[in-house]
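What follows is each chain in one-letter form.
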Amino acid sequence: MITNTELEHKGNLYPTGLISYEHDQDSINFITKNGVRLQLTILRDNMIRFRYTTNGIFEDDFSYAVDEDHPHGFNQLKVEEDQTHIIITTEKFICKVARDDIRVGMYTLEGKPIVEDELGFHWEESFEFGGNFVKMSKASRDQENFFGLGDKPTNFNLKGKRLSLWNTDQYAYGKDTVELYKAVPFYMGLHNNLSYGIFFDNTFKTHFDFCHERRNVTSFWADGGEMNYYFIYGPQMSDVLTTYTDLTGKPELPPMWALGFHQCKWSYYPESKVKEIASKFRELNFPCDAIYLDIDYMDGFRCFTWNKEYFPDPKRMVKELEEDGFKTVAIIDPGIKIDLNYSVFKEALENDYFCRRADGPYMRGKVWPGECYFPDFTNPEVREWWSGLYRELIGDIGVKGIWNDMNEPAVMEVPGKTFPLDVRHEYDGNRCSHRKAHNIYGMQMARSTYEGVKKFNFPKRPFIITRANYSGGQRYTSTWTGDNIATWEHLWLANVQIQRLCMSGMSFAGSDIGGFAEQPSGELYTRWLQLGIFHPFCRVHSSGDHGEQEPWFFGEEVLEITRKYVELRYQLLPYLYTAFYKYVQEGMPILKPLVYFDQEDVQTHYRSDEFIFGNKILVCPVQEPNVQGRRMYIPRGKWYNFWNDKLITGGREMYIDAPLDIIPIFIKEGALIPKYPVQQYVDEKKLEQINLDLYYKLGKETSDFYEDAHDGYEYRQNVYSLRTFKLTGKEDEVILQQHKSGKYSAPYSTFKLKLHGIPFEIKRVFYENEEVTLEDLQYNAEENSMIIDKDFSELHLVG
Ligand code: GLC
């Protein structure tokens, strides 16, 4: 592989001095003596877009990543110049462009450097393909660290890594595998408590080097297309991520059942097996909301068909499963079997919907069904057709969710494991080769699936999961980390990958719990599930040829422990749903790595085992066999050990007991955690009362609790309920206030308020400003709980 440094001596070209610049409303255009144009557009007070072209002409401006409805607008833009620079000032930062070579530097309003070009923009002609390799290099600062980039299976902090983005089917990948299923060309830099983001919106193969080749240089480049990137300023990582998700979009709320526990295997068939698995869950009182049908439900792996021998009456089966609380999710792959007696194939052929090679013939490749053709999902007409194919599966048969796989796209038995690069794509009117369309193929498939499922499942919400994706794909689908292995290292990887996806705008993510390839021990399975219940998507999946992975397979102890944890997930559903709501509204990641949670504390910059689930619960998985505990970092602030209510002060590493039935969990002081009763599936029971766990704090803390009907779209007509709890703790007093908005009225009428850590004996109680007795509130001394109306506005407990 040629390195960047070598390339510098091998025909790299650079912009020369500035001839002129002009600016209109929101952009400034620079032209250099050698014809390079830089267009700089201010999109938000903290976001600016850079586009470079080497011959003065820009390509048509088109992006699959950018959300059409993303918020625009800024408050201030000032353009000035001095002898050496053109200086652009917004409300949040200063950008300087050098007259000499149009190198760019970004500064805070106080003049502190955020990030400065090193060589800046440069390029090299691509003799093989034509066009240019477009490159950018930036000086990195002392102590700078890097985060993001999607699903990469490597250290959480990317400093020292060189990675490329080219969606690849990597069965049983390993730590440091460079190319995986997704392409998310977005990262965040952090130094001196300043954070910024770079989103390189280029769908060709892209490369990122974080101080790997040269200790003080970060660079990114692409095998073609435009140098087109967005700079986003923090200074908080949360500002960066919110702005990035504003730009590339957020998903809609999933149906709540999609946050329940899911069981999958390659493959459950025939019908009797599916039923047997489902009944076993109910028999053992092990909560579960979804069961998956992998490729064997189809007739010879033909998408949108059924093997009638295994599944004689799918509609009846799906209905019966649903009566028992199980939602059926079915897999759909992109490869369409070449078969003139197969209607999907025939329709696509007649309408010319399949991808073609550059010189005419259809793109042919082997996947599960044997030789296949592949729909061109970058053609809007094809997407429309494909979404219509879900009519029967979703609308008639009643399947509730769709699982899109092999959409990197994966092709078997060929070098490169994908399409040849000459394959043509419509790219929504910007015709191009597979070099440009490869990384968004899976995303466009998932998009079209989302549209179909949404249409035929309406007025219920759609659920989609995809393996391949690109930035912005979070608008349509959830995702998982692909074909991992049942090893301890992969448990570690799953933890890092899901946190990384959350930091890359794709929070709705999970791993194959227990490992896809190979067989976990009961201990590994237990530890993995203890982690998995904190992942936004929670599914056990495995390749059946390696043995069983149902929770009862590993014996009584494992069954008991894993059930306890899945029950905990069901209790925490309202809390997780609230975190999801925050993600949908504000782009807040559902899991918060410690560096995101407290970037000012440099101790967090290299931590990756611990994370915050939602915004109040600290979790740290056990990732080794045969241990009774582990050391972990407790972030600054005070935390209650979930298991014994012991209060500890963070900002330090500690040894925490964790025998097999314990995963370290801590609750932030001052938190109010809503909890549902254990249910076997979402909405199994009518909720009569729910728990609110209050963790005392000396001082103030706010907590949110979002609810709606758990499915459907009424929440968009204000039929939701958002409760904000304000806790004020004093030495001998607790004041709890509630503010509620929205028109949804939950079916229960009371909360059971459970008090943790109250340092005084409650002597007097004021409820809605009137003194009442503890008996009035059905105080239970053993539990330290009381019953209050769900719409209470104020409660004072006085010692
Ligand atoms: C791929 C998927 C896996 C699935 C299998 C069969 O390997 O990643 O999850 O079970 O294909 O469809």
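Residues numbered from 1 in each chain as written. Predicted model: local features only at pLDDT ≥ 70, side-chain atom pairs only at ≥ 80, totals over all residues. Heavy atoms only, no water.

Looking at an unreviewed UniProt entry, one finds the chain named Glycoside hydrolase family 31 protein and attributed to Christiangramia oceanisediminis. You can read under Sequence similarities (unreviewed entry) in the UniProt record for the chain the words "Belongs to the glycosyl hydrolase 31 family." (UniProt positions renumbered as here; feature names shortened; annotations may be inferred.)

Caption draft 1: Structural context of the sheet that holds strand β41 (residues 665-668). On the basis of which strands lie adjacent, the open sheet formed by six strands has the order β34-β35-β36-β41-β38-β39 and antiparallel pairing. Two strands in the sheet have a free side with no partner beyond their single neighbour: β34 (591-593) and β39 (647-649). Between one strand and the next, the sheet's axes are offset by a mean angle of 35°, whatever the strand orientation. Across three bridges, strand β35 (residues 611-613) lies against strand β36 (residues 617-619) in antiparallel orientation. Bridging across to β36, F611 finds its partner in V619. (Pairing = 2+ DSSP bridges. Helix = DSSP H or I, 4+ residues; strand = E, 2+ residues; numbered from the N terminus. Axes fitted to C-alpha atoms, helices over the stretch in contact; angles between N-to-C directions.)

Caption draft 2: Here's a closer look at the site of the ligand. All residues in the neighbourhood of the ligand are listed as W266, D294, I295, I331, W368, W403, D405, R467, W480, D483, F516 and H541. Taking R467, its side chain carries an N or O atom lying 2.8 Å from an oxygen atom of the ligand. Measuring from an oxygen atom of the ligand, one finds a side-chain N or O atom of H541 at 2.9 Å. Taking 300 Å² as the accessible area of the ligand by itself, protein coverage stands at 98%. (Near = heavy atom within 4 Å. Polar contact = N/O pair within 3.5 Å; in protein donor to acceptor, adjacent residues only side chain to side chain. Areas by Shrake-Rupley, 256 points an atom, 1.4 Å probe, with all protein chains shown as cover.)

Caption draft 3: Representation of the pattern of salt bridges. Across all of its chains, the model carries 63 salt bridges by this definition. We note a salt bridge from D299 to R302, for which the minimum N-O separation is 3.6 Å. Its salt-bridge partner being E610, residue R607 comes within 2.8 Å of it at the nearest N-O pair. (Salt bridge = Lys/Arg side-chain N within 4 Å of Asp/Glu carboxyl O.)

Caption draft 4: Structural view of the environment of E567. Along the chain, E567 falls in helix α11 (residues 556-571). When its relative accessible area of 24% is taken as the criterion, E567 is described as partly exposed. Between the C-alpha atoms of E567 and L491, which are 76 residues apart in sequence, the distance is 21 Å. Not counting chain neighbours up to four residues away, the residues in contact with E567 comprise N285, P287 and V678. (Buried < 20%, exposed > 50% of the residue type's maximum accessible area, 1.4 Å probe, protein only. Contact = heavy atoms within 4.5 Å.)

Caption draft 5: Representation of the pairing of strand β9 (residues 113-125) within the structure. The pairing of strand β8 (residues 104-108) with β9 spans three bridges and is classified as antiparallel. Residue pairing for β9: G105 is matched across the bridge by E116. Between β8 and the antiparallel strand that follows it, β9, lie four residues; G111 among them carries a positive phi value of about 95°. Bridge count between β9 and strand β10 (residues 132-139): eight bridges; the pairing is antiparallel. Across the sheet, residue H122 finds its bridge partner in β10, namely K135. The hairpin turn running from β9 into β10, its antiparallel successor, is six residues long, and G130 in that turn takes a positive phi close to 80°.

Caption draft 6: Local environment of the nonpolar core. Counting residues in hydrophobic clusters, the biggest one holds 247 residues, and the most contacted among them are L40, F50 and F231. Leaving out residues up to four positions away in the same chain, F231 has contacts with N46, M47, I48, F50, F93, M106, I114, V115, Y196, G197 and I198. Counting 12 residues, the second largest nonpolar core, distinct from the first, contains I612, C620, M632 and M654. (Core = buried A, V, L, I, M, F, W, Y, C linked by side-chain atoms within 4.5 Å.)

Caption draft 7: Structural detail: unusual backbone geometry. Of the consecutive residues W266 and S267, the connecting peptide bond is found in the cis state with omega at -5°. Within the fold, S267 resides in the loop between β19 (261-263) and α3 (271-283). At the junction of E408 and P409, the peptide bond is cis and its omega measures out at 0° in the coordinates. Along the chain, P409 falls in the loop between β25 (401-404) and β26 (424-425).

Caption draft 8: Spatial organisation of the packing of helix α9 (residues 488-502) against helix α10 (residues 522-532). Where α9 contacts α10, the two axes come as close as 10 Å, and the packing angle between them is 5°. Looking at the two axes, α9 sits roughly parallel to α10. Counting all contacts with α9, which are made through W488, H490, L491, A494 and N495, the residues of α10 involved are E523, L524, R527, W528 and L531. Its residues assigned to classes, the contact of α9 with α10 comprises six nonpolar, two polar and two charged. (Parallel < 35°, antiparallel > 145°, perpendicular 65-115°, else oblique. Nonpolar A, V, L, I, M, F, W, Y, C, P; charged D, E, K, R; others polar.)

Caption draft 9: Inspection of the packing of aromatic side chains at higher detail. For the structure shown, the criterion picks out 75 aromatic pairs. Ring centres of F725 and F792 lie 6.3 Å apart, and the angle between their planes is 5°; on these two criteria the pair is classed as stacked. Taken together, the residues span a long stretch of sequence, with F725 in strand β45 (residues 721-730) and F792 in the loop between β50 (785-789) and β51 (794-798) at a distance of 67 residues. In this arrangement the basic side chain of R356 is found over the ring face of Y362, its NZ or CZ atom lying 4.2 Å from the centre. A cation over an aromatic ring shows up here: K436 above the ring of Y427, its NZ or CZ 4.8 Å from the ring centre. (Phe/Tyr/Trp six-rings, centres within 6.5 Å; stacked < 30°, edge-to-face > 60°. Lys NZ or Arg CZ within 6 Å of the ring centre and 35° of its normal.)

Caption draft 10: Region of interest: the environment of P593. Within the element layout of this structure, P593 appears in strand β34. P593 sits 25 residues away from L618 along the chain, and the two C-alpha atoms are 9.7 Å apart. Other than its neighbours up to four places away in sequence, P593 contacts F156, Q499, M503 and F611.

Caption draft 11: Expanded view of the pairing of strand β38 (residues 638-641). Where β38 lies against β39, three bridges are found, and the strand directions are antiparallel. Of the residues in β39, the one forming a bridge with W639 is I648. In this antiparallel pair of consecutive strands, β38 and β39, the connection spans five residues, and D645 shows a positive phi of 65°. Here three bridges tie β38 to β41, and the two strands are oriented antiparallel to one another. Residue pairing across strands places N641 opposite F666, the latter belonging to β41.

Caption draft 12: Looking closely at α11. With 16 residues, α11 should cover 22 Å at 1.5 Å per step; its first-to-last C-alpha distance of 22 Å lies within 8% of that length. Taken residue by residue, α11 has V558, L559, I561, T562, R563, Y565, V566, L568, R569 and Y570 as its buried positions. Tucked into the core, α11 has its buried residues touching β19, α10, β33 (538-540), α12 (573-586) and β41. (Expected span 1.5 Å × (residues − 1).)

Caption draft 13: Broad picture of the sheet that holds strand β43 (residues 689-695). Pairing within the open sheet is mixed, and its four strands lie in the order β42-β43-β47-β50. Unpaired on one side and paired on the other, β42 (672-675) and β50 mark the two borders of the sheet. Within the sheet, the average angular offset between the axes of one strand and its neighbour, ignoring direction, is 25°.

Caption draft 14: Geometry of the packing of helix α6 (residues 380-388) against helix α8 (residues 434-457). Close contact between α6 and α8 brings their axes to 8 Å; oriented N to C, the two are set at 45°. Taken together, the axis directions place α6 and α8 in an arrangement best described as oblique. For the element pair α6 and α8, the recorded crossing hand is right-handed. Here α6 contributes R383, E384, W386, S387 and G388 to the contact with α8, which in turn contributes Q444, M445, R447, S448, T449, E451, G452, K455 and F456. Classifying every residue of the contact of α6 with α8 gives three nonpolar, six polar and five charged. (Left-handed = near helix turned anticlockwise from the far one by under 90°.)

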